[in-house]
Amino acid sequence: MKRIFHSLRFRLMVVLFLIGMLPVLLVGSVLVRSSRDRHVQSRVQEYQYQCSTLATQMTRAGYFSSAEAQTQLGQRLDLLAGVYSGRAMVVDRTFRIVKDTYAIDEGSYCVGAPVLSSMRGRVNSAVDSKEQYAQFSIPIYSQNNQDAVAGVLYASASTAGVMEIESSLVARSSLISVALAFVLAAAAYLLSGVLLAPLMRIKEEFAGAAEGSKTVIAEYTSTETAEMSESYNRTLARLNQIDASRQEFVSNVSHELKTPITSIRVLADALISQPDAPIEMYREFLGDISDEIDRESTIIEDLLTLVRLDKSGQELNIEEKNLNEMLEDLLRRLKPLAKRRGIEMTLESARQVSADIDVVKMTLAISNLVENAIKYNVEKGWVKVTLNADHKFAYISVQDSGVGIPEEEQAHVFERFYRVDKARSRSTGGTGLGLAITEDIVRMHQGAIRLVSTLGEGTTFTVRFPLHYVA
Ligand code: ADP
């Protein structure tokens, strides 16, 4: 039941129904009231007209002096009052009531304001619709002198009878309203269905998508559904892309992990197939096997690092660190590696720079760049690390005199497992994950990394990140 009240279609239906019903109710009540007023008015007029006619007849017949006229016209007055469920009285010049259709006040006096006014020749009529009551007073003239008022015909009537007519009218109009309400409810039901049809179709499509359907939605019948379709399609495209890259990553990982194992297997098989192989051969092959195992564990370590960085909600262990010190430590650690290839490493820094960083992660990121600068360098080449800062950002650049990266490959070097020269990378122990890790770490520090490289001349990677980390 609660579901119905929360349904958009139900709410729309109610709104449409109310909008349709409001004028019906308003017009109905206005019509009933005006027709009632008209009824009351015409009935009162009729009564007054009849009384006026009777008053004229009383004048002509000399009502106050003729006993015969009194009986005859008195009977007619009774009849008239009866027809209109009213009361009528005849008051003579001395304000004495000579005739009362209720026969209770005859002989008493009536000096009400309307009677007084009519004694002066005026006709009065008043309708009190609240009290459902109408009254009027009409002068009766002397038979001989048409200017002299001889008495007053004072009549009153209840309009309640007319109200009864009204209630039958109300019943009729309510019946019409109820019939109209049914028609309106049906119309509101149909109209809400038509209006919400595109939305319903999108809902079906979404349900299909939840079950794995990968078809795009093309519901362009309204601006809103067109926008919904487009955002859904964009989301779908992104999900497909994520799916594809995840599959690619998994297949790359499998491939990378298999390569050292295949090598180990080939080396081991070679030794098994030669039972009397010389000890030197054993030593050499086992050395190679050991290298391959090292490679395998390097790949696994890099993968674990990436997975840890990828974990959502991964916290950075931020602290304020002097970057000059960090870089000096880092270069000291890598010195032996550079020395092996006769590469000269320098650190250039105009001033002391401190920044909010996760020291372990940032050291790893910059180490990867410096290691690459050594690995993909020429014999006796050089590596220059520069540290700089402005009021907002720290800049660390790693420049080398190495082999360079072809222009068309530059956009891809940050992808996982991407290597420009597979053989060279393999021989230097590369996994193709180093730059992906570096980029992840720099991004986590709200920074950016870019590279400039000329083939055969060298490469410069520049990392930029804010001095103050804001979570
Ligand atoms: P790897 O473990 O293979 O070094 P990286 O992700 O660190 O993986 O680098 C990706 C590829 O980018 C490398 O295989 C290499 O071809 C190229 N590359 C990275 N740094 C440099 C550099 N300083 N000079 C030339 N090529 C580089």
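Everything below is about the structure printed above this text.
Residues numbered from 1 in each chain as written. Predicted model: local features only at pLDDT ≥ 70, side-chain atom pairs only at ≥ 80, totals over all residues. Heavy atoms only, no water.

Mind laying out the environment of Phe465, listing which residues take part and the relevant values?
The residue Phe465 is located in strand β12 (residues 458–466) in this model. Owing to a relative accessible area of 1%, Phe465 belongs among the buried residues under this scheme. Separated by 71 residues in sequence, Phe465 and Ala394 place their C-alpha atoms 5.5 Å apart. Beyond its immediate chain neighbours, meaning those up to four positions away, Phe465 contacts Leu323, Ala355, Ile357, Met362, Lys392, Phe393, Ala394, Ile396, His445 and Gly447. (Helix = DSSP H or I, 4+ residues; strand = E, 2+ residues; numbered from the N terminus. Buried < 20%, exposed > 50% of the residue type's maximum accessible area, 1.4 Å probe, protein only. Contact = heavy atoms within 4.5 Å.)

I'd like to hear about the packing of aromatic side chains, residue by residue, with values.
The tally for this structure, following the rule as stated, stands at eight aromatic pairs. Centre to centre, the rings of Tyr63 and Phe64 are 5.4 Å apart; their planes meet at 90 degrees, and the pair counts as edge-to-face. Given a relative accessible area of 2%, Tyr63 falls into the buried group. Judged by its relative accessible area of 26%, Phe64 is partly exposed. (Phe/Tyr/Trp six-rings, centres within 6.5 Å; stacked < 30°, edge-to-face > 60°.)

Could you give an account of the pairing of strand β10 (residues 393–400), naming the residues involved and the relevant values?
For β10, the buried fraction is high: six of the eight residues fall into the buried class. Taking the residues between adjacent antiparallel strands as the criterion, strand β9 (residues 382–389) and β10 are bridged by three residues. Where β10 and β12 come together, seven bridges link them in antiparallel fashion. Of the residues in β12, the one forming a bridge with Ala394 is Phe465. (Pairing = 2+ DSSP bridges.)

Describe the sheet that holds strand β5 (residues 149–158), listing the residues and the values that go with them.
Strand order in the open sheet formed by five strands is β2-β1-β5-β4-β3, and the pairing between neighbours is antiparallel. Lying at the two open borders of the sheet, with one neighbouring strand each, are β2 (97–100) and β3 (124–128). Here the strands of the sheet are splayed against their neighbours by 15 degrees on average, with no regard to which way each runs. Judged from the three bridges that link them, strand β1 (residues 86–92) and β2 form a sheet pairing that is antiparallel. Looking across to β2, one finds that Val90 is bridged to Lys99. Along the sheet face, helix α2 (residues 8–61) touches β1, β3, β4 (133–141) and β5 and points at about 20 degrees away from the line of β4. Lying over the sheet, helix α3 (residues 67–83) contacts β1, β2 and β5, oriented at roughly 150 degrees with respect to β1. (Axes fitted to C-alpha atoms, helices over the stretch in contact; angles between N-to-C directions.)

Describe the sheet that holds β9, listing the residues and the values that go with them.
Strand order in the open sheet made by the five strands is β7-β9-β10-β12-β11, with mixed pairing throughout. Lying at the two open borders of the sheet, with one neighbouring strand each, are β7 (344–349) and β11 (448–454). Across the sheet, the mean angle separating the axes of adjacent strands is 15 degrees when strand polarity is ignored. Against the sheet, helix α9 (residues 359–375) makes contact with β7, β9, β10, β11 and β12, and its axis sits at roughly 25 degrees relative to β10, the strand it touches most. Along the sheet, helix α11 (residues 434–444) contacts β11 and β12; its crossing angle with β11, the most-contacted strand, is approximately 140 degrees.

Now, about the packing of helix α7 (residues 279–310) against α11: what can you tell me, with residues and values included?
Contact geometry for α7 and α11: axes closest at 10 Å, N-to-C directions at 25 degrees. When the axes of α7 and α11 are compared, the pair comes out roughly parallel. When the axes of α7 and α11 are compared, the crossing they make is left-handed. Two secondary-structure elements touch here, α7 through Asp302, Thr305, Leu306, Leu309 and Asp310 and α11 through Ala436, Ile437, Asp440, Ile441 and Met444. When grouped by side-chain class, the residues that make up the contact of α7 with α11 number six nonpolar, one polar and three charged. (Parallel < 35°, antiparallel > 145°, perpendicular 65-115°, else oblique. Left-handed = near helix turned anticlockwise from the far one by under 90°. Nonpolar A, V, L, I, M, F, W, Y, C, P; charged D, E, K, R; others polar.)

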